Amino acid sequence: MLDVEAVRRHMGDAWAGAELRALSSVTSTSDVAWAWAEAGCAEGTAVFAEEQVKGRGRFGRTWHSPRGRGLLVSVVLRPPAEAMAPAHVTALAALAVAEAIGAATGLDALIRWPNDVAIGGRKVAGVLAECRNGRLAPCVVGVGVNVNTRRDEFPDALRASATSLAIEAGRECSREAVAGALLGRLHTCLRDAAEGRWALVADAWRRRASLLGQAVAVHCRGQLHEGRLVALDPLLGIELEGPLGERCRFRAEDTSLILAGGEG
Ligand code: BTN
């Protein structure tokens, strides 16, 4: 079972009083976090699980993680609506994940807009930020990181496009170290955004964003679009340039997948 006291030691002084709870098996950590959020829990309350039987991703996809191998966590946030929108939350959470992986393991993780984190072009983590009833607060940020998953444990369909920290590092990695660094970075990024320092977060996000200038394919509303990625913004979305120089913009809400040319 994940050791929440060890997680806390890696968090610095982020959300000092908030509850961290490790559970064995849940439908989704985000279901548990929503129940707590709606009962009024403090910001920074986080729920971890060894396994999820209905782990979810964007667009109704399933999140697979073999028992005990991954970091599965959902955090309750209460962002100020006057300073932020849902796109801020997704962007800062993806940044926090990428930075936490770097801090905990030394691996170079990049953000694949809008909500994936990848190493060497393979997905290692996903972020699902959920708001309800048109309100920004409370919101629940769910993060899945493939920490110690072995290659043969990924479903066939994902084996070529997914990786884990252990595969990349060539050794087992500490889920507690990644979790603590993640909550610490999430706290800092959220505070920066809430207190008017979004430019700091956006600059760090851009430095970690991948695929700019590359040939990519994007799935949007059931169609595949190919082109060169010429612009990338954490809030506005992406812009592709087609073969005749025509430009097309895509927003995160409609875009289900972005692949480097030749990938997947
Ligand atoms: C995606 O890649 O589309 C996002 C995946 C998010 C998965 C995490 S695992 C912890 C939390 N609980 C869930 O059911 N989903 C998120």
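Scroll up a little and you will see the structure.
Residues numbered from 1 in each chain as written. Predicted model: local features only at pLDDT ≥ 70, side-chain atom pairs only at ≥ 80, totals over all residues. Heavy atoms only, no water.

K.L.:
Where do I start with the pairing of strand E1 (residues 20–26) in this structure?
P.N.:
On a regular strand, each side chain points to the face opposite its neighbour's, so the side chains alternate between the two faces of the sheet. One ladder, built from 6 bridges, connects E1 with strand E2 (residues 46–52); its direction is parallel. From the neighbouring strand, Arg21 faces E2, where its bridge partner is Val47. Handedness of the crossover joining E1 and E2 through helix H2 (residues 29–38): right-handed. (Pairing = 2+ DSSP bridges. Helix = DSSP H or I, 4+ residues; strand = E, 2+ residues; numbered from the N terminus. Right-handed = clockwise from strand over helix to strand, strands pointing away.)

K.L.:
Explain the packing of helix H5 (residues 175–194) against helix H6 (residues 198–208) to me, please; I cannot follow it from the model alone.
P.N.:
A pair of packed helices is captured by two measures, namely the crossing angle of their axes and the spacing between those axes. Remark: H5 packs on H6, axes separated minimally by 7 Å, with the N-to-C direction vectors making an angle of 130°. Judged by the angle between their axes, H5 and H6 are oblique. When H5 is examined against H6, the residues Cys189, Asp192 and Ala193 are found in contact with a partner set consisting of Trp198, Leu200 and Val201. Residue classes in the contact of H5 with H6 are distributed as 5 nonpolar, no polar and 1 charged. (Axes fitted to C-alpha atoms, helices over the stretch in contact; angles between N-to-C directions. Parallel < 35°, antiparallel > 145°, perpendicular 65-115°, else oblique. Contact = heavy atoms within 4.5 Å. Nonpolar A, V, L, I, M, F, W, Y, C, P; charged D, E, K, R; others polar.)

K.L.:
I would appreciate a short explanation of the environment of Trp113 in the present structure.
P.N.:
Along the chain, Trp113 turns up in the loop between strand E4 (110–112) and strand E5 (116–119). Sequence spacing of Trp113 and Val218 is 105 residues, and the spatial spacing of their C-alpha atoms is 11 Å. Non-local contacts of Trp113, meaning those with residues more than four positions away in its chain, are made with Trp205, Leu232, Asp233, Gly237, Ile238, Phe250, Arg251, Ala252, Thr255 and Ile258.

K.L.:
Looking at this structure, I do not really get the packing of helix H3 (residues 86–105) against H6. What am I missing?
P.N.:
Close contact between H3 and H6 brings their axes to 10 Å; oriented N to C, the two are set at 55°. As far as their axial angle goes, H6 and H3 are oblique. Of the two elements, H3 crosses H6, and the hand of that crossing is left-handed. Together, His88, Ala91, Leu92, Leu95, Ala98 and Glu99 of H3 and Trp198, Val201, Ala204, Trp205 and Arg208 of H6 make up the contact between the two elements. Class assignment of the residues belonging to the contact of H3 with H6 gives a composition of 8 nonpolar, 1 polar and 2 charged. (Left-handed = near helix turned anticlockwise from the far one by under 90°.)

K.L.:
Could you clarify how one ought to interpret the sheet that holds E1 in this entry?
P.N.:
Each strand in a sheet pairs with its neighbour through backbone hydrogen bonds, running either in the same direction (parallel) or in the opposite one (antiparallel). Sheet architecture is open: 7 strands sit in the order E1-E2-E3-E7-E6-E5-E4, paired in mixed fashion. Each edge of the sheet is formed by a strand with only one pairing partner; in this case those strands are E1 and E4. Strand-to-strand twist across the sheet, computed as the mean angle between neighbouring axes with direction ignored, equals 25°. When E5 meets strand E6 (residues 122–132), the two strands line up antiparallel, connected through 4 bridges.

K.L.:
What should I look at first to understand the site of the ligand in this one?
P.N.:
Close to the ligand lie 21 residues; Ser28, Gln52, Arg56, Arg58 and Lys123 are nearest. Within the contact set of the ligand, a nitrogen atom lies 3.1 Å away from a side-chain nitrogen or oxygen of Thr29. In this structure, a nitrogen atom belonging to the ligand sits 2.8 Å away from a side-chain N or O atom of Gln52. Taken together, the elements giving at least two residues each to the shell around the ligand come down to H2, strand E3 (71–77), E6 and strand E7 (135–145). (Near = heavy atom within 4 Å. Polar contact = N/O pair within 3.5 Å; in protein donor to acceptor, adjacent residues only side chain to side chain.)

K.L.:
What am I meant to see in the pattern of salt bridges here?
P.N.:
Once the charged atoms of two side chains with opposite charge are near each other, the side chains can pair. What the rule picks out here adds up to 25 salt bridges. Salt-bridge contacts for Asp116 lead to Lys123; the nearest nitrogen and oxygen are separated by 2.8 Å. Across the pair Arg150 and Asp152 runs a salt bridge whose closest N-O atoms are separated by 3.4 Å. (Salt bridge = Lys/Arg side-chain N within 4 Å of Asp/Glu carboxyl O.)

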